[in-house]
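# Breakdown of the fold
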Amino acid sequence: MLVMALICLTFEGIITALRIWLFADRKPCLRPALKANAWYVLLLVILPARLGEVAAVVIFERYLKQKRGAAVMSIITQRLYDVIVLGSFFLIALMGLSGFGDKGVMSGLALAVIAFSLFVLFRLDMFLTFAALIFQKLAKGSRGLFRKLLHICLQGRIYVRHGLKSRDIPLALLFTIGKWVSNLGAILFLFMAINLDLSFFESLTIAGAYNFLAIIPLQTIGGIGVGEAGLAVLFVAMGLTVSLAAGASLLIRFVILLFPLLFWVMVMGGLNLKDRVLK
């Protein structure tokens, strides 16, 4: 089960690289997209409080040759796709549960998050225009932070208008679904590896909720914090003992924490080996 979980996480890394390549307007080949994703996931676990998202902007600039504003909007847009797809999985799993708290409230919150993400996704141009107008007024007579933010907003607006084409949306959605099917599959295999007595819908609901909690930027190195506490609480709510819930949440986090390093070694080592063989 542990090997299957690692295989699923590897598929997630490859599919995410394909999505990064798509959102970079297919300009680079898959090789720099794989490198960008390898560094991206590694920095997400090394840096605290989701600062890896900020570092990813520099990575996208270097490997994908994107302008800073385009890199920022690429990351934000992909995250919106993630929230929409992951929220949909969570709703499906929640509907399959029986006797778990107030599903109406949880379903309503999930639907609200999905609806808000869809609104932002399709109105990004409006938000960027509004932000640019604000920064333009603040930047008058100044060459500091506000002028840089204005420049990023204008670059981001160009990306939103001309970056991802309408014909690419189904493919972006397909890559996002594939990414989260692989991720959730890995977590389900981890649940089976430690022999947790959970049903399929219970496991899927917990996996989806755990990924939502992991987004909250209240963690230490590796993102350890809110996600693990929330995962332990969810385990207890499903009927597991407190000691088993705490141990299981930490073990699962350890595997998820270790994998980005393994993926980085696989990508960088594999591409370097390929170069040497071709020489």
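Predicted model only: the values in this text are computed from it and were never measured.

### Digging into helix 1 (residues 2-23)
The first and last C-alpha atoms of helix 1 sit 31 Å apart over 22 residues, in line with the 32 Å expected at 1.5 Å per residue. Regarding helix 1, the residues found buried are Ala5, Cys8, Leu9, Glu12, Gly13, Ile15, Thr16, Ala17, Arg19, Ile20, Leu22 and Phe23. One or two residues past the end of helix 1 sits Asp25, with phi positive at roughly 65 degrees.

### Topic: the environment of Leu198
Structurally, Leu198 can be placed in the loop between helix 8 (169-193) and helix 9 (200-214). Between the C-alpha atoms of Leu198 and Met238, which are 40 residues apart in sequence, the distance is 7.6 Å. When near neighbours in sequence (up to four residues on either side) are disregarded, Leu198 contacts Phe191, Ser203, Ile206, Phe235 and Met238.

### Quick look at the packing of helix 2 (residues 30-46) against helix 3 (residues 52-64)
Interhelical geometry of helix 2 versus helix 3 gives an angle of 160 degrees and a closest axis separation of 9 Å. Regarding the angle of helix 2 to helix 3, the classification is roughly antiparallel. For the crossing formed where helix 2 meets helix 3, the hand is right-handed. On helix 3, the residues touching Pro32, Ala33, Lys35, Ala36, Trp39, Tyr40, Leu43 and Leu44 of helix 2 are Gly52, Glu53, Ala55, Ala56, Ile59, Phe60, Tyr63 and Leu64.

### As for the packing of aromatic side chains
Ring pairs (aromatic) are described by centroid distance and by the angle formed between their planes. One pass over the structure, following the stated rule, counts 5 aromatic pairs. Ring centres 5.9 Å apart and planes at 90 degrees place the aromatic pair Phe119 and Phe127 in the edge-to-face group. A cation over a ring is seen here: Lys179 above Trp180, with NZ or CZ 5.0 Å from the ring centre.

### So, the side chain of Gln66
Mapped onto the secondary structure, Gln66 falls in the loop between helix 3 and helix 4 (68-96). Looking at Gln66, the relative accessible area reads 11%, which means it is buried.

### Here's the deal with the environment of Phe122
Tracing the backbone shows Phe122 in helix 5 (residues 103-122). Along the backbone, Phe122 and Thr77 are 45 residues apart, and their C-alpha atoms lie at a distance of 9.8 Å.

### Quick notes on the pattern of salt bridges
Summed over the entire model, instances satisfying the criterion amount to 5 salt bridges. Between Glu12 and Lys179 there is a salt bridge; the shortest N-O distance is 3.3 Å. Placement of the pair is Glu12 in helix 1 and Lys179 in helix 8, with a sequence separation of 167 residues. Of the residues examined, Glu12 reaches a relative accessible area of 12% and is grouped as buried. On the accessibility criterion, Lys179 (8% relative accessible area) is buried. Here Arg79 ties to Asp82 by a salt bridge, and the two come within 2.6 Å at their closest N and O atoms. Residue Arg79 and its partner Asp82 are both found in helix 4; the two are separated by 3 residues, about one turn of the helix. What makes Asp82 buried here is its relative accessible area of 3%.

### Looking at the nonpolar core
Grouped together as the largest cluster of nonpolar side chains are 77 residues, with contacts concentrated most on Phe60, Phe191, Ile206 and Phe235. With 13 residues, helix 4 is the largest single contributor of residues to this core. Beyond its immediate sequence surroundings of up to four residues, Phe191 is in contact with Leu196, Leu198, Ser203, Ile206, Ala207, Phe235 and Ile252.

### A short note on the environment of Phe127
Relative to the helices and strands, Phe127 resides in helix 6 (residues 124-138). Residues Phe127 and Arg157, 30 residues apart in the sequence, show an inter-C-alpha distance of 9.2 Å. The residues touching Phe127, leaving out its near neighbours within four places in the chain, are Phe119 and Val120.

### A few points about the side chain of Ser117
Locating Ser117 in the fold gives a position in helix 5. Since its relative accessible area comes to 5%, Ser117 is described here as buried. Those residues in contact with Ser117 that sit more than four places away from it in its chain are Leu80, Val83 and Ile84.

Reading the values: the criteria
Residues numbered from 1 in each chain as written. Predicted model: local features only at pLDDT ≥ 70, side-chain atom pairs only at ≥ 80, totals over all residues. Heavy atoms only, no water. Helix = DSSP H or I, 4+ residues; strand = E, 2+ residues; numbered from the N terminus. Expected span 1.5 Å × (residues − 1). Buried < 20%, exposed > 50% of the residue type's maximum accessible area, 1.4 Å probe, protein only. Contact = heavy atoms within 4.5 Å. Axes fitted to C-alpha atoms, helices over the stretch in contact; angles between N-to-C directions. Parallel < 35°, antiparallel > 145°, perpendicular 65-115°, else oblique. Left-handed = near helix turned anticlockwise from the far one by under 90°. Phe/Tyr/Trp six-rings, centres within 6.5 Å; stacked < 30°, edge-to-face > 60°. Lys NZ or Arg CZ within 6 Å of the ring centre and 35° of its normal. Salt bridge = Lys/Arg side-chain N within 4 Å of Asp/Glu carboxyl O. Core = buried A, V, L, I, M, F, W, Y, C linked by side-chain atoms within 4.5 Å.

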